[in-house]
Amino acid sequence: MKIKIFLLLLTLSSTILFAQQGNSSQKEDFSDDWAALSKYQKENDALKEPTKGKKRVVFLGSSIFEFWKQKDPEYFANNAYVDRGISGQISPQLLIRFRQDVINLNPRAVIILAGSNDLAGNKGHVSNETVLNNIKSMAELARKHHIKVILCKYLPIYEYPWNKNLQGVADGIISLNKEIVAYADANRFIVIDYWKPLVDERNGQKAEFTTDGVHPNLAGYKVMEKVTEIAIDKAIGKRR
């Protein structure tokens, strides 16, 4: 009887050990990470305090911001600027990331660029109201944590290469921009006008500044850097 019990316990312990070993070899499941919080988690943990005389500014957005650092890394490296753009993201995903990728980094200011992927129809049905509500929530969180808010007039877009059947793209961007400016004015937030210096006669982006009509090339980012610097200086003062 004792032998049988011993063999049974041995079998059970072997089964449990095998299961544990099997589980340890499985890749971590990120299916619940809809907002891609994992993308910048390690970078956030390793982020050091800005050097003396530098003031941290977080750039929160989607592909326009993510590609910016790829096209002109020196712009971010030479300043205390933290790029937290994730390609394809819509405004509710930015809102979910706001605590980890903005508040917890203790910046002096945040630049919020949101709305294009929402209007592009990337994820179902979206209105200006839903986009603006998410922007408002982010702005209110920033203000509560004493972070200066810088909103943006979105870059001009005539059509989306991945959704050419979508009608009225330029008008949609213009309409959203007007609502963002009205909200910013009512709350005394700084606004960066990325629309005016890049727009062509069709209310799309000038060909010399874009790769595909949506995303800027290096020349386009250089134009954006000029108006961005003016806005940052207005929000948090001269950094040098």
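Scroll up a little and you will see the structure.
This part covers the packing of helix α5 (residues 91-101) against helix α7 (residues 128-144). Look at α5 against α7: their axes get within 9 Å of each other, and the N-to-C directions meet at 15 degrees. It follows from the interaxial angle that α5 and α7 lie roughly parallel. Like other packed secondary-structure pairs, α5 and α7 cross with a definite hand, here left-handed. Seen from α5, the contacting residues are Ser91, Pro92, Leu94, Leu95 and Phe98; seen from α7, they are Thr130, Val131, Asn134, Ser137, Met138, Leu141 and Ala142. Its residues assigned to classes, the contact of α5 with α7 comprises eight nonpolar, four polar and no charged.

What follows concerns the packing of helix α3 (residues 63-71) against helix α9 (residues 218-236). Between α3 and α9, the shortest axis-to-axis distance is 10 Å and the interhelical angle comes to 105 degrees. What the angle tells us is that α3 and α9 run roughly perpendicular. Together, Ser63, Ile64, Phe67, Trp68 and Lys71 of α3 and Leu218, Tyr221, Met224, Glu225 and Thr228 of α9 make up the contact between the two elements. The class makeup of the residues in the contact of α3 with α9 is six nonpolar, two polar and two charged.

Moving on, we get to α3. For α3, the set of buried residues is Ser63, Ile64, Phe65, Glu66 and Trp68. For α3, the secondary structure elements touched by its buried residues are β1 (57-61), α4 (73-77), β2 (81-85), β3 (109-112) and α9.

A separate point is the nonpolar core. One recurring pattern in soluble globular proteins: nonpolar side chains tend to sit buried together. Counting residues in each nonpolar core, the largest one holds 60 residues, and the members touching the most others are Phe59, Trp68, Phe98, Val110, Ile111, Leu151 and Tyr194. Top contributing element to this core by residue count: α9, with seven residues. For leucine 151, the residues in contact, after removing those within four places along its chain, are Ile112, Ile135, Ile180, Tyr183, Ala184, Phe189, Ile190, Val191 and Ile192.

With that out of the way, let us pick up the pattern of salt bridges. Counted under the stated rule, the structure contains six salt bridges. Across the pair glutamate 225 and lysine 222 runs a salt bridge whose closest N-O atoms are separated by 3.8 Å. With a gap of three residues between them, glutamate 225 and lysine 222 both fall in helix α9, about one helical turn apart. For glutamate 225, a relative accessible area of 8% translates into the label buried. Judged by its relative accessible area of 39%, lysine 222 is partly exposed. One connected set of salt bridges, linked through shared partners, spans Asp72, Lys222 and Glu225.

About the cut-offs
Residues numbered from 1 in each chain as written. Predicted model: local features only at pLDDT ≥ 70, side-chain atom pairs only at ≥ 80, totals over all residues. Heavy atoms only, no water. Axes fitted to C-alpha atoms, helices over the stretch in contact; angles between N-to-C directions. Helix = DSSP H or I, 4+ residues; strand = E, 2+ residues; numbered from the N terminus. Parallel < 35°, antiparallel > 145°, perpendicular 65-115°, else oblique. Left-handed = near helix turned anticlockwise from the far one by under 90°. Contact = heavy atoms within 4.5 Å. Nonpolar A, V, L, I, M, F, W, Y, C, P; charged D, E, K, R; others polar. Buried < 20%, exposed > 50% of the residue type's maximum accessible area, 1.4 Å probe, protein only. Core = buried A, V, L, I, M, F, W, Y, C linked by side-chain atoms within 4.5 Å. Salt bridge = Lys/Arg side-chain N within 4 Å of Asp/Glu carboxyl O.

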